[in-house]
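Examination of the molecular architecture
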Amino acid sequence: MIVQAFLRWAETAKAADRAKAANALGRAYLRSTLAQEHHRAAALAMTHLLDDPSPLVRLALAEALADSIEAPRAIMLSLAEDQPEIACTVIARSPVLAEGDLVDLIGRGDSLTRGMIAARRALSRGAAAAIAEIGSENEVTILLENETASVTRISLRRIAERFGHHSDIRNLLLDRDGLPADARHMLVNQISAALANSGLMRAVLGPARIDQVTREAGEVAAVTIAGFVPTEEIPGLVEHLRAAACLTPAFLIHALCSGKVDFFAGAMVALSGLEDRRVRAILATGRMHAVRALFEASGLQRDIAVVFVEAVLLWRDAAATGAPNSISALLLNKFQRVDMLLSPVAELLGMIEKLHHLEMRLDARSYASEIALAA
């Protein structure tokens, strides 16, 4: 009877008064003190209010129910697709909306809806994945800035693929510890491309020099990434670099001379087709002929494979003695003495020489820093 009286009153009451009543009805529904009959009648009355011509009434109802897990699901779903202000109240706050509901709203909703979902507290993985897949630049930015959202590594990689050329999103991704190594390399390439196309670079350097600088910087960055990649991510990073045609002899010798042995072994596994255990055994203890056969099976020419074999032997010595000898310096001494600079390994030795020069500069900086600290 009370609900029937309420509905008759609502037909003639002003919008402001109906809004107050809708809010009170919603709060009364959430109280456990209502009798079961009155509880059901209140739900029917709230359902009727979904058709109220005034958005003030529906907003008041949404405000009353938004934070409760006990709110009627059907009513909350209807309010979530109402006018923007009403929908946003529910989308941003209601615990009734399940992951499937949010994914459906992302697919059917507009940019405002997706932005509100992206900002939702404790956003689930599935909803975050949907934003990563179809969200705009602004929506994805909101998602990455939402520290409570559960964003998987797969979603981060997808965002890098879609928006790696946007500097703001790129910076947000690079700041995340959980970013996959292959996605991090992808973003580094985007930075290199942005620098190469900048007006300053074009004004100072010629096209050939720009290509050389960006290529070398990208290689150094890739080797650095390879040094920090978790073991379980090495195959993915190797495959990514392989698809990008980055696993060149120069890159591989750089990784080996820099001590990125786990990554180097992973690269040999991918290039040779041999099992991981077999490759690691050959690199660690295999005879010279077995090591050379591994490199030739990986596609390296025999004269280039000789340099890699020597690098592996030097790495073994360094690992056994714990001596901090520079593998690049020792390689240069050995192969320059036999006058191989005019052979097909010239480019490889050029890479080793550049690496050696970089090591010397880093040592000099470290020495200078120690002197400054001592002073």
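Coordinates for the structure precede this section.
Residues numbered from 1 in each chain as written. Predicted model: local features only at pLDDT ≥ 70, side-chain atom pairs only at ≥ 80, totals over all residues. Heavy atoms only, no water.

1. Some remarks on the overall build of the protein chain
The secondary structure content of the protein chain amounts to 23 helices and 0 strands. Expressed as a percentage of its 375 residues, the buried residues of the protein chain come to 43%. In the protein chain, the proportion of contacts linking residues at least 24 apart, taken out of those at least 6 apart, comes to 60%. Summed over its atoms, the accessible surface of the protein chain is roughly 20,100 Å², and 55% of this surface lies on carbon and sulfur atoms. (Helix = DSSP H or I, 4+ residues; strand = E, 2+ residues; numbered from the N terminus. Buried < 20%, exposed > 50% of the residue type's maximum accessible area, 1.4 Å probe, protein only. Contact = heavy atoms within 4.5 Å. Areas by Shrake-Rupley, 256 points an atom, 1.4 Å probe, with all protein chains shown as cover.)

2. Notes on helix 6 (residues 84-93)
The complete set of buried residues in helix 6 reads Ile86, Ala87, Cys88, Thr89, Val90 and Ile91. Looking at the buried side of helix 6, the elements it contacts are helix 4 (55-65), helix 5 (73-79), helix 7 (99-108) and helix 8 (111-118).

3. As for the packing of helix 2 (residues 15-30) against helix 4
Following both chains from N to C, one finds helix 2 and helix 4 inclined at 25°, their axes separated by 8 Å at the closest point. As summarised for this structure, helix 2 and helix 4 are arranged roughly parallel, according to the angle between their axes. Every pair of crossing elements has a handedness; the one defined by helix 2 and helix 4 is right-handed. Between helix 2, through Ala15, Arg18, Ala19, Ala22, Asn23, Gly26, Arg27 and Leu30, and helix 4, the contact on the second element is made entirely by Leu56, Val57, Ala60, Leu61, Glu63, Ala64 and Leu65. Split by residue class, the contact of helix 2 with helix 4 holds 10 nonpolar, 2 polar and 3 charged. (Axes fitted to C-alpha atoms, helices over the stretch in contact; angles between N-to-C directions. Parallel < 35°, antiparallel > 145°, perpendicular 65-115°, else oblique. Left-handed = near helix turned anticlockwise from the far one by under 90°. Nonpolar A, V, L, I, M, F, W, Y, C, P; charged D, E, K, R; others polar.)

4. A closer look at the packing of aromatic side chains
What the rule picks out here adds up to 4 aromatic pairs. With centroids separated by 5.9 Å and ring planes inclined at 65°, the aromatic side chains of phenylalanine 264 and phenylalanine 295 adopt a geometry described as edge-to-face. Linking phenylalanine 264 in helix 18 (residues 261-272) with phenylalanine 295 in helix 20 (residues 288-297), this pair joins segments that are 31 residues apart in sequence. Note on phenylalanine 264: relative accessible area 0%, which makes it buried. Relative to phenylalanine 308, the ring of phenylalanine 295 has its centre 5.5 Å away and its plane inclined at 55°; by these criteria the two rings are tilted. (Phe/Tyr/Trp six-rings, centres within 6.5 Å; stacked < 30°, edge-to-face > 60°.)

5. Concerning the environment of proline 55
Assignment of secondary structure puts proline 55 in helix 4. The sequence separation of proline 55 and aspartate 82 amounts to 27 residues, and the corresponding C-alpha distance is 8.8 Å. Among all residues touching proline 55, those that are not within four sequence positions of it are Gln83 and Ile86.

6. So, the environment of leucine 79
With respect to the helices and strands, the residue leucine 79 is situated in helix 5. Sequence spacing of leucine 79 and arginine 58 is 21 residues, and the spatial spacing of their C-alpha atoms is 7.5 Å. If near-sequence neighbours (up to four positions away) are discounted, leucine 79 is found in contact with Leu50, Arg58, Ala62, Ile86, Ala87 and Val90.

7. Here's the deal with unusual backbone geometry
In the Ramachandran plot, alanine 122 falls in the positive-phi region, its phi being about 55° despite a non-glycine side chain. Residue position: alanine 122 is located in the loop between helix 8 and helix 9 (125-134). With a phi close to 60°, alanine 245 is a non-glycine residue in the positive phi region. Summarising the element assignment, alanine 245 is placed in the loop between helix 16 (234-243) and helix 17 (249-257).

8. Some thoughts on the pattern of salt bridges
Applying the stated criterion across every chain yields a total of 16 salt bridges. Taking the shortest distance from any N to any O, the salt bridge between arginine 280 and aspartate 276 comes out at 3.0 Å. Linking arginine 280 with aspartate 276, this pair stays in helix 19 (residues 276-285), spanning 4 residues, or about one helical turn. Aspartate 276 gets classed as partly exposed once you look at its relative accessible area, which sits at 35%. Glutamate 296 is paired through a salt bridge with arginine 302; the nearest N and O atoms lie 2.8 Å apart. Several salt bridges converge on common partners, so that one network encompasses Glu63, Asp67 and Arg93. (Salt bridge = Lys/Arg side-chain N within 4 Å of Asp/Glu carboxyl O.)

9. Quick notes on the side chain of aspartate 52
Here aspartate 52 is to be found in the loop between helix 3 (36-49) and helix 4. Overall, aspartate 52 belongs to the buried group, its relative accessible area being 9%. A polar side-chain atom of aspartate 52 sits 2.9 Å from the main-chain amide nitrogen of serine 54. Sequence-distant contacts of aspartate 52, that is, excluding residues within four places in its chain, are made with Arg18, Val57 and Arg58. (Polar contact = N/O pair within 3.5 Å; in protein donor to acceptor, adjacent residues only side chain to side chain.)

10. Details of helix 18
With 12 residues, helix 18 ought to run about 16 Å at 1.5 Å a step, and its terminal C-alpha atoms sit 16 Å apart, in line with that. Among all positions in helix 18, only Val261, Phe263, Phe264, Ala265, Gly266, Ala267, Met268 and Ser272 are buried. A positive backbone phi angle near 80° is found at glycine 273, which sits one or two residues after helix 18. (Expected span 1.5 Å × (residues − 1).)

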